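The residues making up each chain are set out below.
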Amino acid sequence: MTKTTLLWALPAVAILLIPALTQNPYLLHMLILVLMWVVLGQSWNLLGGYTGQVSFGHAAFFGIGAYTTGILVKLGLSPAAAWSGLLVGGLAAMVVASVIGWICFRLRGPYFALSVLALSEVLRLVALNWNRLTNGAEGILFIPAFTSKAAYYYIVLAIAVACFLAIRRVMGSRLGYYFLAIREDQDCAESLGIDTTRYKLYSLLVSSFFTGVAGSFYMNYMGFIDPGIVFSIENISIMMILVVMLGGAGTMWGPAVGAVIYILMSEVFRVFVKRGHLVFFGVLIIVIIIWFPNGVVGTIGEWRARRKAQATPAPEGA
Amino acid sequence: MSGQVAGQLELLLQTIISGVLLGGLYSLIGLGMSLIMGVMKIINLAHGELMMVAMYVTFWCFTLAGLDPYLSVLIAFPLLFLLGVAVQKFLIAPVMEVESILPENQVLLTVGIGLVLSNLALLAFSADYRSVPVSYASKAIYWDLSLGGQTLSLSFSVPMMVAFGIALVLGASLFLFLGRTDLGRMIRATAQDKRAAALMGINTKRITYVTFGLGSALVGAAGSLLVPVYYVFPQIGGPFTLKAFIITVLGGMGNIPGAVLGGVVLGLAESLGSVYVSLGYKDAIGFVIFVLVLIFLPKGILGKGSA
């Protein structure tokens, strides 16, 4: 076995074995949340970090996934069958995303970012007012299918791995290069014959699908949603951006690193600061943007590149 | 005219009156956003939170010193101007020079600023809804209109009319300031072409400070005017940021008369919508108009914005 395979295999086995080693529900809960935020971060990163289309309202897709599952349960599906919501919720998010993308991607600038924000607010109002379908402000409650956290751990792990592999696959394909080209210079990409509107839309579709799946998982896991929780701008949309910025936008591992830091910090803040703990996240956003705009992974990458450049002396006469 | 038709007409006219009055306040909120948008090409997502700060200033001025909310415009306006200048100088301007992968870094920064402001307010003042008990809060002037043998009784809310009047005065002063003074001309030149303005000897950096300060001061004044007719609470900013953006898009980005018109259109639409569509969906109506404008009139209703 080579050194690199070992380097990959060891953490992988460790991650798979965690539920066998510990039954501590609190620890497992934290890990489940981390993995869910990995999915959310990856999704946002594909669109924002790789394609350069910043969205301020990804809670829209999260909420659609969650509510699709919730409504399926309400319509009489057993909680076990509610897992079909993972797929249906993701697809529903994609459908809505395709409409908003079709409208907004033809315009540049902040239109898309804020249209999605507006969309998530409209959806929140719909969820709040369409009582017969969504129970309004009461929210939707059901008994989760499994009592053991281990089951949820494996399910969300599978989603996170699928999301990671899918996005890595996309970024390794021609599509990925189109996305990067659009992010770097849209005019240039267009002049090379890339249909930028279409490829921005593709990026959004993948991104919204996985966000919807994560929303549906949230419903299945928590067993309760209300409009204020799943369509929250502060707690979902902005935190998705924070997770990506913390880890490093436009990097493969950034969202995962960001999710771990985010969940750790939010637990610490939640325990020690009773209310207004979002102040710290706000300060964090400001600090990252001013001093570490490329996040943890991006900053380490820069630092290593600089060391490498120092270690290899410039060729003579260069 | 039958009594039923008269009743319907009365409701319609009354709704239009409240909509236009509300629109005056919205215009003031939109003006600040549009000015910042025009000069710096960024969306200020802390706009509503700046208004919230002004509302708390007004609230405490009244509670501690008994100062009338309309008089505290004179305090909130300069205070928010200074806050805006500080935010631009120490936070947003440095980020203009930072290289990063995300293209909308400054906008993200304003998200962080908004989050800090609203949660600091939450820490300092708790989540309670507060209001200022002024004597004229529910005063109104009634106007009986005779029409076809029926009498329509219309009411004009006094605080809303005062707010509308002050908003008009501020809007007009801004228009004169931008059109007639040197500083105003410099701001417009910077909005048109930053590099060319710099080549003409304008200190564009200082212009962005003034612009952000002015935008904050305008929304601060709107906050003070809103206090007698609304509640003050830490989370009030978010929805108003969105409203400001909708107004800016309606009027065309950076278009000052457009922002005034956009504010009135939004006020009217919300007012009509809450009466004739549904109260619960009142806030959604603005978004629907917004999306329609994006599809059909991306340069705003006056067609002169910089899309």
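Criteria and cut-off values
- Residues numbered from 1 in each chain as written.
- Chains lettered and ligands numbered in written order.
- Predicted model: local features only at pLDDT ≥ 70, side-chain atom pairs only at ≥ 80, totals over all residues.
- Contact = placed C-beta atoms within 7 Å.
- Helix = DSSP H or I, 4+ residues; strand = E, 2+ residues; numbered from the N terminus.
- Nonpolar A, V, L, I, M, F, W, Y, C, P; charged D, E, K, R; others polar.
- Buried ≥ 20, exposed ≤ 12 C-beta atoms within 10 Å, placed from the backbone.
- Pairing = 2+ DSSP bridges.
- Core = buried A, V, L, I, M, F, W, Y, C linked by C-beta atoms within 7 Å.
- Axes fitted to C-alpha atoms, helices over the stretch in contact; angles between N-to-C directions.
- Parallel < 35°, antiparallel > 145°, perpendicular 65-115°, else oblique.
- Left-handed = near helix turned anticlockwise from the far one by under 90°.

S.K.: Requested: an account of the interface of chain A and chain B, with residues and values cited.
M.R.: Interface extent is often summarised as the accessible area lost during association of the parts. Taken residue by residue, the interface counts 38 residues in chain A and 38 residues in chain B. Where the side of chain A that touches chain B is concerned, the elements lending two or more residues are helix H2 (25–50), helix H4 (84–104), helix H5 (111–129), helix H12 (233–247) and helix H14 (278–291) of chain A. The biggest single contributor to the side of chain A that touches chain B is H5 of chain A, with 11 residues. Tallied by class, residues from the side of chain A that touches chain B come to 26 nonpolar, 9 polar and 3 charged.

S.K.: Tell me what's going on with the environment of valine 85 of chain B, and back it up with residues and numbers.
M.R.: Residues and elements named next belong to chain B. Relative to the assigned elements, valine 85 resides in helix H3 (residues 73–96). As a C-alpha pair, valine 85 and leucine 214 span 129 residues in sequence and 8.3 Å in three-dimensional space. Contact partners of valine 85, with chain neighbours within four places excluded, come to Tyr209, Phe212 and Gly213.

S.K.: Describe in detail the pairing of strand S1 (residues 140–147) of chain B, supporting the description with residues and values.
M.R.: Residues and elements named next belong to chain B. Little of S1 is tucked away: 0 of the 8 residues are buried. One ladder, built from 8 bridges, connects S1 with strand S2 (residues 150–157); its direction is antiparallel. Within S2, the residue paired with leucine 147 across the bridge is glutamine 150. Connecting the antiparallel pair S1 and S2 is a turn made up of 2 residues, with glycine 148 showing a positive phi of about 55°.

S.K.: Go over the nonpolar core, please, and point to the residues and values.
M.R.: Soluble globular proteins tend to pack their nonpolar side chains together in the buried interior. Grouped together as the largest cluster of nonpolar side chains are 194 residues, with contacts concentrated most on Leu242 and Ile285 of chain A together with Ile29 of chain B. No other element matches the 13 residues that helix H1 (residues 3–40) of chain B contributes to this core. In this structure, isoleucine 29 of chain B is in contact with Met51, Val219, Ala222, Phe240, Lys243, Ala244 and Ile247 of chain B, ignoring residues within four places of it in sequence.

S.K.: Can you tell me about the packing of helix H8 (residues 174–184) of chain A against helix H10 (residues 196–222) of chain A, naming the residues and giving the values?
M.R.: All names here are of chain A. The interhelical angle for the contact between H8 and H10, taken along N-to-C directions, is 110°, at an axis separation of 10 Å. Regarding the angle of H8 to H10, the classification is roughly perpendicular. Handedness of the crossing formed by H8 with H10: left-handed. Contacts from Leu175, Tyr178, Phe179 and Ile182 in H8 reach Thr196, Tyr199, Lys200, Tyr202 and Ser203 in H10. Here the contact of H8 with H10 is composed, by residue class, of 6 nonpolar, 2 polar and 1 charged.

S.K.: Which residues make up unusual backbone geometry, and what are the values?
M.R.: All names here are of chain A. Even without glycine at this site, asparagine 135 takes up a positive phi of about 65°. As for its placement among the helices and strands, asparagine 135 is situated in the loop between helix H6 (131–134) and strand S1 (140–141). Taking the C-beta count within 10 Å as the criterion, asparagine 135 has 19 such neighbours and is therefore assigned partly exposed.

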